[in-house]
Amino acid sequence: MLTAEEIINYSGEPDLLKDRVILITGAGDGIGKAAAWACAQAGATVILAGRTLAKLEQLYDQIVQAGLIEPLIYPVDLEGATSEDYDQLAVTLDQTFGRLDGLLHNAAILGQRTPLNNYRQDVWDRLLKVNVTAQFQMTQALMPVLEKSNDASVLFTSSGVGKVGRAFWGAYAVSKFAIEGMVQTWGAELDGLGTVRVNAIDPGATRTNMRAQAFPAENPTDLKTPAEIMPAYLYLLGPDSRGVNGRSIKAQNR
Ligand code: NDP
C-alpha cells in the first residue's frame, strides 16, 4: 500500500478506470460531481446517482460532450428509497453490465449544528437514514453484483468528526463514526474472502456547499477544490489499491 502522502499525490494511468463500472451517490454536486467527472475522464462508465435530476443531466451532458463513455443516470432520494429499490437497482446493473466495479457512497447531509441536548428527532432520523442506513442497504443489495467484478471497491465517505467527537456536530458526527465502524466491520468480514474491498475516505476541508453551510465565516478560496482531492479517490477506486481493505484514508492533509 502507498503511504498517506503518496495517496494524496497519487497519479494513475490516464485510462486507470477503463472497463470499470462505478456508481457514485450525490454525483450532481460538490465532491461527488468531481469524482464522477474524474472517473469518467479515467475511462469508467459512471452511474450518476442523486436526487436532483437537473444537476445529474447537466453532468451527463458535460461527460457526453467531452467524448467520454456515456454515463447512466439513477435518480434516487436516499431518504425515501427502500431495500426493494436497491434490489431493483442490482437487477438493472446485473442485466446492463453483469457486474459493478466501484461504489462511492458520497452523498450525505449536514443536519443541525446544535447541542445534542436540543437536537431535533426528525432531523436525527432523516440524517441517519441518508448518511448511514441507506448506504448499508444499498451496499447489501449490490453485494452480489459487486462480487461479480474481479476487483470491486466500495468507498464510504467519512470525516474528521467521525474519528474525534466535537461539540455541536450532532447526528452528522455520530453518522460518520458509524461509517468508520461499518467499514471496519464489513472490511473484517470480507478480508481474504473474495474480490470486494471496503474502505473509507475522509475528504478533509473542501470547497463545497456543505462546507460553506458548516463554516459560513470561512473564506472558501482558502480550501482545496473537489477536483484537487481526486487523486486519493482515483487510487482507492482503481486497481492500484487492490488489497487495501477496512482502512480509513485521508484525501488531503487538512
Ligand atoms: P454537498 O452538500 O456539496 O453535496 C452533497 C451531495 O449529496 C449533493 O449532490 C446532494 O444532492 C446529495 N444528497 C444529499 N442528500 C441526498 C439524498 N437524500 N439523496 C440523494 N442524494 C443526496 O457535500 P460535499 O460534496 O461537501 O460532501 C460530500 C461528502 O463528503 C459527504 O459525505 C460529506 O459528509 C463529506 N465531507 C465533506 C467535507 C467538506 O469539507 N466538503 C469534509 C468531510 C466530509 P443535491 O445536489 O440534490 O442537494
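The residue count restarts for each chain, going from 1 along the sequence in the order it is written. Given that the model is predicted, a residue must reach a pLDDT of at least 70 before its local features are reported, and side-chain atom pairs must reach 80 or more before they are shown or counted; all residues, however, enter totals for whole chains, interfaces and linings. Hydrogen atoms and water are omitted, and side-chain values are computed over all heavy atoms in the structure.

**Overview of the overall build of the protein chain**
Filter applied, for reference: Secondary structure elements follow DSSP: runs of H or I of four or more residues count as helices, runs of E of two or more count as strands, with numbering from the N terminus. Burial status follows relative accessibility: with a 1.4 Å probe on protein chains alone, a residue under 20% of its type maximum counts as buried, one over 50% as exposed, and anything between as partly exposed. The method behind every accessible area is Shrake-Rupley, applied with a 1.4 Å probe, and residues are considered shielded solely by the protein chains displayed. For the charge count, each Lys or Arg is scored as positive and each Asp or Glu as negative, with His and the chain ends excluded. For the purpose of locating charges, the reference atoms are NZ of Lys, CZ of Arg, CG of Asp and CD of Glu.
Of the regular secondary structure elements, the protein chain holds eight helices and seven strands. In terms of overall dimensions, the protein chain has C-alpha extents of about 50 × 40 × 40 Å along its principal axes. The buried share among the 254 residues of the protein chain stands at 50%. Only carbon and sulfur atoms are counted for the fraction: they give 50% of the accessible area of the protein chain, which is about 11600 Å². Each charge sign in the protein chain was given a centre, from 22 positive and 28 negative side chains, and these centres are 6 Å apart.

**Here's the deal with the sheet that holds strand β4 (residues 102-105)**
To keep things clear, this is the line we draw: A strand pair is defined by DSSP finding two or more bridges across the two strands. To obtain an axis, a line is fitted to C-alpha atoms, over the contacting stretch when the element is a helix, and the angle between two such axes runs from 0 to 180 degrees between their N-to-C directions. Here, two residues are considered to be in contact whenever any of their heavy atoms come within 4.5 Å of each other.
Strand order in the open sheet made by the seven strands is β3-β2-β1-β4-β5-β6-β7, with parallel pairing throughout. What marks the edges here is a single partner per strand, and that holds for β3 (72-75) and β7 (248-250). Ignoring strand direction, the axes of neighbouring strands in this sheet form an average angle of 20°. Of the strands in this sheet, β1 (21-25), β2 (45-50) and β4 are in contact with helix α2 (residues 30-41), which crosses β1 at around 170°.

**Digging into the packing of aromatic side chains**
Test applied: Between the rings of Phe, Tyr and Trp (Trp by its six-membered ring), a pair exists once the centres lie within 6.5 Å; its type follows the angle of the planes, with under 30 degrees stacked, over 60 edge-to-face, and the other angles tilted. Remark: a charge is flagged as sitting over a ring if the NZ atom of Lys or the CZ atom of Arg is within 6 Å of the ring centre and within 35 degrees of the ring normal.
Enumeration according to the criterion identifies five aromatic pairs in this entry. Plain terms: the ring middles of Tyr-119 and Trp-124 are 6.1 Å apart, the flat faces sit at 85° to each other, and that makes the pair edge-to-face. When its relative accessible area of 26% is taken as the criterion, Trp-124 is described as partly exposed. Here the aromatic rings of Phe-136 and Trp-186 are separated by 5.9 Å at their centres, their planes lie at 40°, and the arrangement is tilted. Here Phe-136 is found in helix α5 (residues 121-146), whereas its partner Trp-186 is found in helix α6 (residues 170-190), with 50 residues between them in sequence. By relative accessible area, Trp-186 is classed as buried at 12%. An aromatic cluster is built from Trp-169, Tyr-172 and Phe-215, whose rings are joined through pairwise contacts. Seen from the ring of Trp-169, Arg-113 lies directly overhead, with NZ or CZ sitting 4.0 Å from the centre.

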